Amino acid sequence: MIQAQKRSHGGAFVRVAATAALFAFALSGCSTVKGWFGGKKKDDGKPNEPTELVDFTASVKVDKIWSVNAGKGEDYIGVRQSPAVADGRVYAAAIKGGVHAYDLQTGKEVWHFVPTRKDKKDREKKDKEIRLSGGPGAGDGLVVVGGLDGEVIALDAATGTQKWTASVPNEVIAAPTIGLGMVFVRSNDGRVTAFDAASGERRWFWNRDVPILSLRGNSSPTLGPGYVFVGNDDGTVSALAASDGRSTWDVPVGQPDGRSELDRMADIDGAPVLEGSVLYATSFKKQTVAIDAPSGRPMWVSEHGGAGRLGVASDKLIVADPAGTVFGLDKTSGAALWSQPSLARRDLTGAAVQGDYALVGDFDGYVHWMKLSTGEFAARARAGRKPLKAAPVVVDGIAIVQSIKGELTAFKLQ
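Each chain carries its own residue numbering, running from 1 in the direction its sequence is written. A pLDDT threshold of at least 70 governs which residues receive local features in this predicted model, and a stricter bar of 80 or more applies before side-chain atom pairs are shown or counted, although totals over entire chains, interfaces and linings include all residues. Hydrogens are left out, water is left out, and the side-chain values use all remaining heavy atoms of the structure.

Asker: Give a detailed account of the overall build of the protein, specifying residues and quantitative values.
Answerer: We count a stretch as a helix when DSSP gives it H or I for four or more residues in a row; a strand needs E for two or more, and each element gets its number in order from the N terminus. A tally of regular secondary structure across the protein gives 0 helices and 37 strands. A buried classification covers 57% of the 414 residues belonging to the protein. Any two residues whose heavy atoms approach within 4.5 Å are treated as being in contact. The long-range share in the protein, meaning contacts at least 24 apart out of those at least 6 apart in sequence, stands at 49%. Note on areas: Shrake-Rupley with a 1.4 Å probe; residue coverage comes only from the protein chains shown. Of the accessible surface of the protein, which amounts to about 17,200 Å², a share of 48% is contributed by carbon and sulfur atoms. We call a residue buried when its accessible area falls under 20% of the maximum for its residue type, exposed when it is over 50%, and partly exposed in between, using a 1.4 Å probe and counting protein chains only.

Asker: Explain the sheet that holds strand S26 (residues 297-302) to me, using residue names and the numbers behind them.
Answerer: A pair of strands counts as paired when DSSP detects no fewer than two bridges linking them. Strands sit in the order S23-S24-S25-S26 across an open sheet of 4 strands; the sheet is antiparallel. The strands lining the two open edges of the sheet, one partner per strand, are strand S23 (273-275) and S26. Strand-to-strand twist across the sheet, computed as the mean angle between neighbouring axes with direction ignored, equals 20 degrees. As paired strands, S23 and strand S24 (residues 278-283) are joined by 3 bridges and run antiparallel to one another. Pairing of Leu274 across the sheet is with Leu279, part of S24. Geometry is summarised by axes, namely lines fitted to C-alpha atoms with helices restricted to the contacting stretch, and by angles between N-to-C directions that run from 0 to 180 degrees.

Asker: Give a detailed account of the sheet that holds strand S30 (residues 336-340), specifying residues and quantitative values.
Answerer: Across the sheet, which stays open at both edges, the 4 strands sit in the order S27-S28-S29-S30 with antiparallel pairing between neighbours. Both outer strands of the open sheet, strand S27 (311-312) and S30, are each paired with one neighbouring strand and no more.

Asker: Go over unusual backbone geometry, please, and point to the residues and values.
Answerer: Even without glycine at this site, Asp347 takes up a positive phi of about 50 degrees. Here Asp347 is to be found in the loop between S30 and strand S31 (352-354). Residue Asp396 is not a glycine yet carries a positive backbone phi of 55 degrees.

Asker: Could you give me a rundown of the pairing of strand S34 (residues 377-382), with the residues and numbers involved?
Answerer: Bridge analysis of strand S33 (residues 366-371) against S34 gives 5 bridges, and the strand direction is antiparallel. Each residue of the ladder has a partner; that of Val367, found in S34, is Ala381. Here S33 folds back onto S34, and the loop between the two strands holds 5 residues, one of which, Gly375, carries a positive phi near 85 degrees.

Asker: Describe in detail the pattern of salt bridges, supporting the description with residues and values.
Answerer: Pairs can form between side chains of opposite charge whenever their charged atoms are close. Here, a salt bridge means any Lys or Arg side-chain nitrogen found within 4 Å of an Asp or Glu carboxyl oxygen. Taken as a whole and judged by the stated rule, the model has 14 salt bridges. In this structure, the salt-bridge partner of Lys61 is Asp63, at a minimum N-O distance of 2.7 Å. With a relative accessible area of 23%, Asp63 lands in the partly exposed category. The salt bridge partner of Asp315 is Lys316, with a shortest N-O separation of 3.3 Å. Exposure remark for Asp315: the relative accessible area of 39% places this residue in the partly exposed category. Each of Arg117, Arg131, Asp149 and Glu151 takes part in one network of salt bridges that share partners.

Asker: Pulling in residues and values, what's your account of the pairing of S30?
Answerer: Of the strand pairs in this sheet, strand S29 (residues 326-330) and S30 are connected by 4 bridges, and their pairing is antiparallel. Counted as the bridge partner of Phe327 is Ser339 from S30.

Asker: Give me the lowdown on the confidence of the model for the protein, citing residues and values where you can.
Answerer: Of the residues in the protein, 81% reach a pLDDT of 70 or more, and the chain-wide mean stands at 84. Values of pLDDT, which run from 0 to 100, indicate the predictor's confidence residue by residue. Considering only residues more than four positions removed or in separate chains, one finds that residues 4-45, a stretch of pLDDT under 50, has 87 contacts.

Asker: Any chance you could break down the packing of aromatic side chains for me, citing the residues and the numbers?
Answerer: Here the aromatic set is Phe, Tyr and Trp, taking the six-membered ring for Trp, and pairing holds for ring centres within 6.5 Å; pairs whose planes are under 30 degrees apart are stacked, those over 60 apart are edge-to-face, and all others are tilted. Under the defined criterion, the tally for this structure stands at 9 aromatic pairs. Ring centres 6.1 Å apart and planes at 20 degrees place the aromatic pair Tyr227 and Phe229 in the stacked group. Judged by its relative accessible area of 27%, Tyr227 is partly exposed. Ring centres of Phe229 and Trp249 lie 5.9 Å apart, and the angle between their planes is 35 degrees; on these two criteria the pair is classed as tilted. Of the two residues, Phe229 is situated in strand S20 (residues 227-231) and Trp249 in strand S22 (residues 247-252); the sequence distance between them amounts to 20 residues. Each member of the pair, Phe229 together with Trp249, is buried. Ring pairing ties together the aromatic residues Tyr227, Phe229 and Trp249, which thus form one cluster.

So this is what it looks like as structure tokens:
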């Protein structure tokens, strides 16, 4: 979904959602890879229609080990709600339904918390459920969620008991990041706010101007030793000092060039990935960059990328571009080692890695596994009939996806 930024008379930004069809013409078509699969792409004369799924012989078996519903999902507001996993538990939030904690192995519910506030418009001042927009962040004994009205709510990870609340000036549609004794919250107006993890007291905030037109979605901050790395809607990555929010460097990942605002969209909506001293980030402009994190020096640039999250393997990065092609990139050079174009126009999620396989979800509820070595399809399973927007989350060999209706599904490979 594309959203426009309009500045009101008071100077605040207002998000206006445009239809997803607005950018359909910008997505180029791709054909299937001949000779790899048993099926063929249906040629129905509709170049903007999603590619038909091809038949193939599965080389690995996928088991659906559990499925639960975490509450009314995001539907089509485009916030890409995703679960968080920590210490053997899965934490999930819903627009309506609060926050749930489940056992990672069984899907059994551990606790459920529904945040409320007094409805000022109600004469009887009844409690009204808070609409949770961003997926939860988890770590250091906390689960933190954000709301559509700028709420920030911290819960005890073991019991679901509320520990503190805070607020930011705009909706929170990215999962908060927890670490270094703080909670870092990215709001939809380009601001990053740091709160004390124990008390919820605001420590600092940092602002970044947002473009007039951008994709619906934000990246969560990524933590490094003493630093916070932020992927911005203008296609840059910023490094902030964790202690005070001071900016230390900015690096462009996708250049916002072109004749129109649509052409210039360069969003980084997947959290940058830090491995050792190397930071990887990818942009809607179809570019991926490796950065020396301490200095901000670019190490290589690849002409393949997308707005969603990167999948990271031992020697490869996995990216899904806006047209629906999945690439395996060499970690040391950024060179494309393989491409898989047979999911064109299927509105793919960001990528993840599960064992020897890369995986992405799509608009029709399917999850696709590809061999890391070649990009060939290895398996396919359906989580349900509702779209998957957020990248799969893989922990302890289990892959979890969340649909826009709030359904969580866990898969394991045999």
